Every structure is written in structure tokens, then in C-alpha cells.
Amino acid sequence: MSRDNWYKVDNVAKVFLATAAKRDTRTLRVSCTLWEDIDPDLLQEAVLSAIQIRPQFQVRIRRGIFWHYMEDTDIQPVVTEEHGRVCPILYVPGRPMLHYRVTYYGKRINLDLFHAISDGTGALEFLNIIVLDYLKLKYPGRYEETTIHSGASEDDLNQDSYKQFFGSMGLKGSSLKYAYHPSGLKLPYDQLQFFEVHMPTEQLLPKAKELGVSLTSYIGARFMLAIMEDMPPRKRKTPINVSMPVNLRNYYPSQTSRNFFNNVNVSHVFDEDISFEDLVKEFDEKLKANLTEENIKKQMDNFETMEYVAPVRAVPLFIKQWVVRYGSKITDKKVSMVLSNLGVQKPPKEVAEQIQNYSAFCSSGNLFSTMSSYNGDLSLGISSPYSNTRVIKNLVRGLTDEGINIRVYATEVIR
């Protein structure tokens, strides 16, 4: 592959590039578990086939004078058995490397991806292309007519949709206040602990429906309550803020494989007693109010405006990165946790019987949970930098008290 093509990074990617660290590597992982053990040779062949369909992932990030940019790369992916940490470091300034990695373990295929390259939606589509190509090789002739490609052109897939749909001039400051963060020491050696929680959607959906709320609001309020139960009484006037990434492809006609999401926030101050039923209804109302197209566009126009401020554009990259890192630290102080709902997974129906489940994780300096469902199973992928696990225990206890059957898996950490 030649290096004829180069691309500017989008504004969200600039944040990931400026803030990637040993603990929060700014890497996301999406995984697909099949019903049979993975053949590594076939998986290697499938990955090489998949990058012909999604060459947007075959890039190397380079440093310019004013901003980073991406260029095509000849570096070939090498599939390996999983070892080491989830969400590994996939970007080191100045080091030639791919910014994604495909591994396997038992029946599971993992795709780790540096978040500057794509978001959860783009990563899942790439993973599904890999899985389909693997199954075509595993079962010759069975899935030859099956495809995942959306029909989008290469220009559509490479589009910076933030610039395409946003950018009205005008700046407005955030109204969010500093939020409460779970207490306790962080893990040593810049570690993260990962928890994978599974539960039946047939037990969850009726409870959310009975309260008249979405499943996202139900889980979000459960997390909010779990954090509150870890909260010292003297901190009760500090808001708990749950930040939620929103897939902007649901609002705008974009087929980009790059980042195209926005964050909305739901806050609550536990200065008075409140039942879970009232909390989840309040959560749902606030979330719906934030998800109007008008509110989303207003926030994103504000974000994109910075790109066009002349003094900012002329500042060298190292100064811009310092400013972005500082701004990101301020933003992190206003967020108690992130809840990212990747939605119901819908692989091609022809291959659905071969797939057991999906799961996902994202690195973070704070509490972070992905949420996805497939074939009646809801999966939460929780990453935590904290030594104590009280919030996760509170969450699981609250769900089991409601009669939900829970399975929990956790990674080991070095003490």
C-alpha cells in the first residue's frame, strides 16, 4: 500500500492524541465470541482480507507543525494469541506502528483500536467484517453471498463528519460543576481492572418498561445509585454526573468509519432521599432533553468553533497539546463515570448462529462502562482504575436484589 493518501485528524481525535497515557491508553476493545475455538491461521488471513474493505484502519499517525495527520502505511497486522493487558498502548509518538491489534483467546476474537482512528461504531463494523471473512474461510461456500459493506464510498468512509455537519461560529462555556468521583486509592503501576458483567435482557426490559424508561436510563441510574452508596455523607452535595457518548450517525446522514460521536451528561445531587423509581425517571427525562437535535448541534458547533479561531490555528502543536490536556483534566473533574451504549448488535442473520456474544471495554482514568446486547444477553464492560471494587459490588447487588441473574468476570491485578 502506497503512502499517496494523508488525512487530517478530527477534533475528537486531537483530544485522544494529546491525552493518551500509560493508564488511559485511549484504546477501546470490541470482542466477538463464537461457539468454536478460533483457528489463528484463518483469522490472520481474514484480517488481511478485511483491511482491503476497510483500508481506513491501515494508517500511521504522524506529527505535523500545527496538528497531527494520518497517512497510509505498509505495516501489516499480525494476529497473536491474547496476552498482556486489555486496551494496550497502540500509539507512541514517533514510533512506526499500526494503531489497532487483533488477538484471539479460545473462542473469542478481540479488536483493540486506538480511539483517534475510530469510535465504537466504526470498530464494531470492522470487527464484524473480520468475523464474516473468518467464517467464509472456515466454511467455504456457505457465506459467499453474505456481506457487511454498507455501500459507502471511500470518501464517505474517510469523511470528517464533524466538519461536514457542524461549525457555526460562537462559543459558550460549560455549565457542568465538578462531580463526585469514587473514593479510594488508584491501582499501582498505571493498571486498570476490567469487569465483564452479563445479564438476561428478558429480565431487564420488563423492569425498564414498567417504569416507562429506556434500558440506558435504567442502567445509568443503577450506576448513579451504586456510586452514591459509596459516597461519604459530607460529599452528598457534590453532583454525580454520568457522561454518555452518543452516535451522531443516528442524527446525521454520515457513513464515516472515523469518530462521529458526542457526549451528553445527566447529573443528580443526592442532598435529599430519593427512591430508585424517581431517580430513574428523572434520569430518563434529563437524557431525553439532552438528546434533542438542537441541543446536540449547539454543543458540537461550540466544539468545532475552536478549529477556526485564527490565533489557535497558528499555535505550534506542543502548545496546543498542553492546552488540550489541561482542558481534558478540567472536563474529567466534571464527570463521575462514562456509560457508552453500543446498542443491540446485529450481525448478518446468516452468521448469527455462529456468534455466542459480544463485549467491549474502553480504557479510562475514571470509571467507564460500555453496554451492548446480543441474542438476549446484556453485557457491561467496566474498566476501573481504583483498588476498591465497592461501586461494582453495589451495582451487582442492586441488580440481583431486583431478581436479575448476573455473571461477572474480572481480570487479575498486580498489588
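Coordinates for the structure precede this section.
Residues numbered from 1 in each chain as written. Predicted model: local features only at pLDDT ≥ 70, side-chain atom pairs only at ≥ 80, totals over all residues. Heavy atoms only, no water.

(A) Region of the structure containing the nonpolar core. Ranked by size, the top nonpolar core spans 109 residues in total, and within it L43 and Y218 carry the most contacts. Contacts of L43, omitting those with residues within four sequence positions, involve I38, V79, V102, T103, Y104, I109, I130 and Y134. Counting 5 residues, the second largest nonpolar core, distinct from the first, contains V86, L192, F194 and F361. (Core = buried A, V, L, I, M, F, W, Y, C linked by side-chain atoms within 4.5 Å. Buried < 20%, exposed > 50% of the residue type's maximum accessible area, 1.4 Å probe, protein only. Contact = heavy atoms within 4.5 Å.)

(B) Seen up close, the sheet that holds strand β1 (residues 6-8). Taking strand neighbours across the sheet as the criterion, the 3 strands line up as β1-β4-β3 in an open arrangement whose pairing is antiparallel. Whereas interior strands pair on both sides, the edge strands pair on one side only; in this sheet they are β1 and β3 (59-63). Sheet twist, expressed as the average angle between the axes of neighbouring strands with direction ignored, equals 30°. Pairing between β3 and strand β4 (residues 68-72): 5 bridges, direction antiparallel. (Pairing = 2+ DSSP bridges. Helix = DSSP H or I, 4+ residues; strand = E, 2+ residues; numbered from the N terminus. Axes fitted to C-alpha atoms, helices over the stretch in contact; angles between N-to-C directions.)

(C) Representation of the sheet that holds strand β12 (residues 355-362) within the structure. Strand order in the open sheet made by the 5 strands is β5-β6-β7-β2-β12, with mixed pairing throughout. One side of each edge strand has no neighbouring strand; the edge strands of this open sheet are β5 (80-81) and β12. Helix-sheet contacts for helix α2 (residues 40-53) involve β6 (100-105) and β7 (108-114), and the interaxial angle to β6 is about 155°. Across the sheet, helix α3 (residues 120-138) touches β2 (27-34), β6, β7 and β12, and the angle it forms with β2 is around 35°.

(D) Fine view of helix α7 (residues 215-228). Along its 14 residues, α7 runs 20 Å from first to last C-alpha, staying within 8% of the 20 Å computed at 1.5 Å per residue. Burial analysis of α7 places 14 of its 14 residues in the buried class, the great majority of the element. (Expected span 1.5 Å × (residues − 1).)

(E) Spotlight on a nonpolar patch on the surface. On the surface, F318, I319, W322, V323 and Y326 cluster together into a nonpolar patch covering about 570 Å² of accessible area. Relative to the helices and strands, Y326 resides in helix α11 (residues 317-333). (Patch = residues over 30% accessible without salt bridge, like charges linked within 9 Å, V, L, I, M, F, W, Y side chains within 5 Å. Areas by Shrake-Rupley, 256 points an atom, 1.4 Å probe, with all protein chains shown as cover. Salt bridge = Lys/Arg side-chain N within 4 Å of Asp/Glu carboxyl O.)

(F) Up close: the pattern of salt bridges. Tallied over the entire structure, the rule returns 16 salt bridges. Between E82 and R29 there is a salt bridge; the shortest N-O distance is 2.7 Å. Of this pair, E82 sits in the loop between β5 and β6 while R29 is found in strand β2, placing the two residues 53 residues apart along the sequence. We classify E82 as partly exposed; its relative accessible area is 24%. Note on R29: relative accessible area 5%, which makes it buried. In this structure, the salt-bridge partner of K288 is D284, at a minimum N-O distance of 2.9 Å. In this pair, K288 and D284 are both assigned in helix α8 (residues 276-290), 4 residues apart and thus about one turn of the helix distant. A residue is classified by how much of its surface remains accessible, and K288, at 51% relative accessible area, is exposed. Judged by its relative accessible area of 5%, D284 is buried. Ionic contacts of the salt-bridge type, sharing partners, join the residues R29, E82 and D112 into one network.

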